[in-house]
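Architecture at a glance
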Amino acid sequence: MNRKNFHSLFAYDLKYGFWSNRFKWFFALVIQLYFCIMMDAYPGIWDQITGFFLGFPEYHLSETGTFDLPFPWLIFHSYLLFLVGFYPVNDLSYSGGQAFIRAGNRKQWLYSKLGWTLITVLSYYLMLAVVSLTYSMVTGDLEGSAAYMKNVIGLDFENISAIHIFTYWWLMPMLTSFALCTVEVILSLFIDPVLAFLILFGVLIASVFWMTPVLLGNFSMLMRMDFISGNQSISFLNCLIGCLLTICIACIWGSIAFNRKDIYFSQGGQS
């Protein structure tokens, strides 16, 4: 791999990938701020973040047959899928394929897009941290309420170590997001990106119905994690193994299949 060429391609993706999504980023900010305001009863930064990642405990059909969804969790994760799912294929198909042609190497082009996906996921979570922190500072309750953690998820938050907070509140959801986004980006190169989005959105919905490590969405819901639910299958180790395995399989299969794919450009370029 030509490192200089890859670095140039990656810089291109960071610049134009974020620029092409600038309006989506604006609405991401609006959505995150909206849910922070809706959770105003518990304005502390960790209260806010917990509200996004809380999810639901194991689902059981109610007597009335109704089915509720954890909307802050679902909107947060599905919007991230919407954010990353269209730039790679649009850059390939609708920009004349200029970056692809300049790359001169299909694997470099693909890995650059996956690198952009990782940066996008990290930036999305960083935005949540900044929005939650800013809102908590404005409301004057930065630390939040220990009673909220105790009443809602049954935890004495003050006795939870920093490493556990980082692992369960940040690392597991981020790993899950990157794994799902990687699969979506790979799929979008071979099928309609809207269909790829709907498939991964379906995985999120199915994760609410079924508490199983096979459905990665479970690893991003605090109420499903082993230290709260007691279900040892929804653990950090299983999350790490499941997400890394998913990412590796998607990258290996995607790299092989993309190398054999016939590519046609909508505006000039070459196939």
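Keep in mind that what you see is a predicted model, and the values were worked out from it rather than measured.

Along the protein chain, the regular secondary structure elements total twelve helices and zero strands. A burial count over the protein chain gives 49% of its 271 residues as buried. Summarising the internal contacts of the protein chain: among those between residues at least 6 apart in sequence, 76% fall at separations of at least 24.

Okay, the confidence of the model for the protein chain next. Do not read the fine detail of predicted coordinates wherever pLDDT is low. In this model, the protein chain carries an average pLDDT of 85, and 81% of its residues clear a pLDDT of 70 or more. Confidence, expressed as mean pLDDT per element, reaches its minimum in the protein chain at helix H6 (residues 98–103) with 62 and its maximum at helix H4 (residues 71–84) with 96. Every residue in residues 267–271 is under pLDDT 50, and counting partners more than four places away or in other chains gives twelve contacts.

Moving on: helix H10 (residues 193–209). Compared with the 24 Å implied by 1.5 Å per residue over 17 residues, the 25 Å span of H10 between its first and last C-alpha is a close match. Among the residues of H10, those classed as buried are Pro193, Ala196, Phe197, Leu200, Leu204, Ile205, Ala206, Ser207 and Val208. Close packing links the buried residues of H10 with H4, helix H5 (87–93) and helix H9 (162–188). Capping the start of H10 is the job of one residue whose side-chain oxygen sits 2.7 Å from the backbone nitrogen of Val194: Asp192.

Turning next to the nonpolar core. Ranked by size, the top nonpolar core spans 67 residues in total, and within it Phe52, Phe53, Leu80, Tyr124, Tyr125 and Trp169 carry the most contacts. No other element matches H9, which puts 13 residues into this core. Leave out the neighbours within four places in its chain, and Leu80 touches Val121, Tyr124, Tyr125, Ser177 and Cys181.

Attention shifts here to the packing of helix H2 (residues 22–38) against helix H7 (residues 106–139). Running from amino to carboxyl end, H2 crosses H7 at an angle of 40°, the nearest separation of the two axes being 10 Å. Viewed along their axes, H2 and H7 adopt a mutual orientation that is oblique. In terms of crossing hand, the pair formed by H2 and H7 is right-handed. Touching Trp25, Ala28, Leu29, Gln32, Leu33, Cys36 and Ile37 of H2 are Thr120, Ser123, Tyr124, Met127, Leu128, Val131, Ser132 and Tyr135, all from H7.

In this section: the environment of Leu14. For Leu14, the location among the structural elements is in helix H1 (residues 3–20). Of the residues examined, Leu14 reaches a relative accessible area of 28% and is grouped as partly exposed. Sequence separation between Leu14 and Ile119 is 105 residues; the distance between their C-alpha atoms is 8.2 Å. Ignoring anything within four residues of it in the chain, the contact list for Leu14 reads Trp116 and Ile119.

This paragraph deals with the packing of aromatic side chains. The full count for this structure, using the stated rule, is 24 aromatic pairs. Considering the side-chain rings of Tyr12 and Tyr16, the 4.7 Å spacing of their centres and the 40° angle between planes classify their relative orientation as tilted. Of this pair, Tyr12 and Tyr16 both sit in helix H1, four residues apart, roughly one helical turn. A relative accessible area of 19% places Tyr12 in the buried class. Residue Tyr16 is classed as partly exposed on the basis of its relative accessible area, which comes to 38%. Here Tyr87 and Trp116 contribute two aromatic rings whose centre-to-centre distance is 4.9 Å and whose plane-to-plane angle is 50°, an arrangement assigned as tilted. Separated by 29 residues along the polypeptide, Tyr87 in helix H5 and Trp116 in helix H7 bring together distant segments of the chain. In this structure Tyr87 comes out as buried when scored by relative accessible area, which is 6%. An aromatic cluster is present here, built from Phe18, Trp25, Tyr34, Phe35, Phe52, Phe53, Phe76, Tyr124, Tyr125 and Trp170 joined pairwise through their rings. Here Arg22 stacks its cationic end above the ring of Trp19, 3.9 Å away from the centre of that ring.

Here we come to the environment of Tyr59. By the secondary structure assignment, Tyr59 is in the loop between helix H3 (45–53) and H4. For the pair formed by Tyr59 and Met211, sequence separation is 152 residues and the distance between their alpha carbons is 7.5 Å.

A side chain of one charge can pair with a side chain of the opposite charge when the charged atoms of the two come close. With the rule as written, the count across this model stands at two salt bridges. Between Asp91 and Lys113 there is a salt bridge; the shortest N-O distance is 3.2 Å. Taken as a pair, Asp91 in helix H5 and Lys113 in helix H7 lie far apart in primary sequence, 22 residues in all. Take Asp91 and Lys113: they sit in the same class, and that class is buried. Sharing partners across several salt bridges, the network here consists of Asp13, Asp91 and Lys113.

Cut-off values and rules
- Residues numbered from 1 in each chain as written.
- Predicted model: local features only at pLDDT ≥ 70, side-chain atom pairs only at ≥ 80, totals over all residues.
- Heavy atoms only, no water.
- Helix = DSSP H or I, 4+ residues; strand = E, 2+ residues; numbered from the N terminus.
- Buried < 20%, exposed > 50% of the residue type's maximum accessible area, 1.4 Å probe, protein only.
- Contact = heavy atoms within 4.5 Å.
- pLDDT = per-residue confidence, 0-100.
- Expected span 1.5 Å × (residues − 1).
- Polar contact = N/O pair within 3.5 Å; in protein donor to acceptor, adjacent residues only side chain to side chain.
- Core = buried A, V, L, I, M, F, W, Y, C linked by side-chain atoms within 4.5 Å.
- Axes fitted to C-alpha atoms, helices over the stretch in contact; angles between N-to-C directions.
- Parallel < 35°, antiparallel > 145°, perpendicular 65-115°, else oblique.
- Left-handed = near helix turned anticlockwise from the far one by under 90°.
- Phe/Tyr/Trp six-rings, centres within 6.5 Å; stacked < 30°, edge-to-face > 60°.
- Lys NZ or Arg CZ within 6 Å of the ring centre and 35° of its normal.
- Salt bridge = Lys/Arg side-chain N within 4 Å of Asp/Glu carboxyl O.

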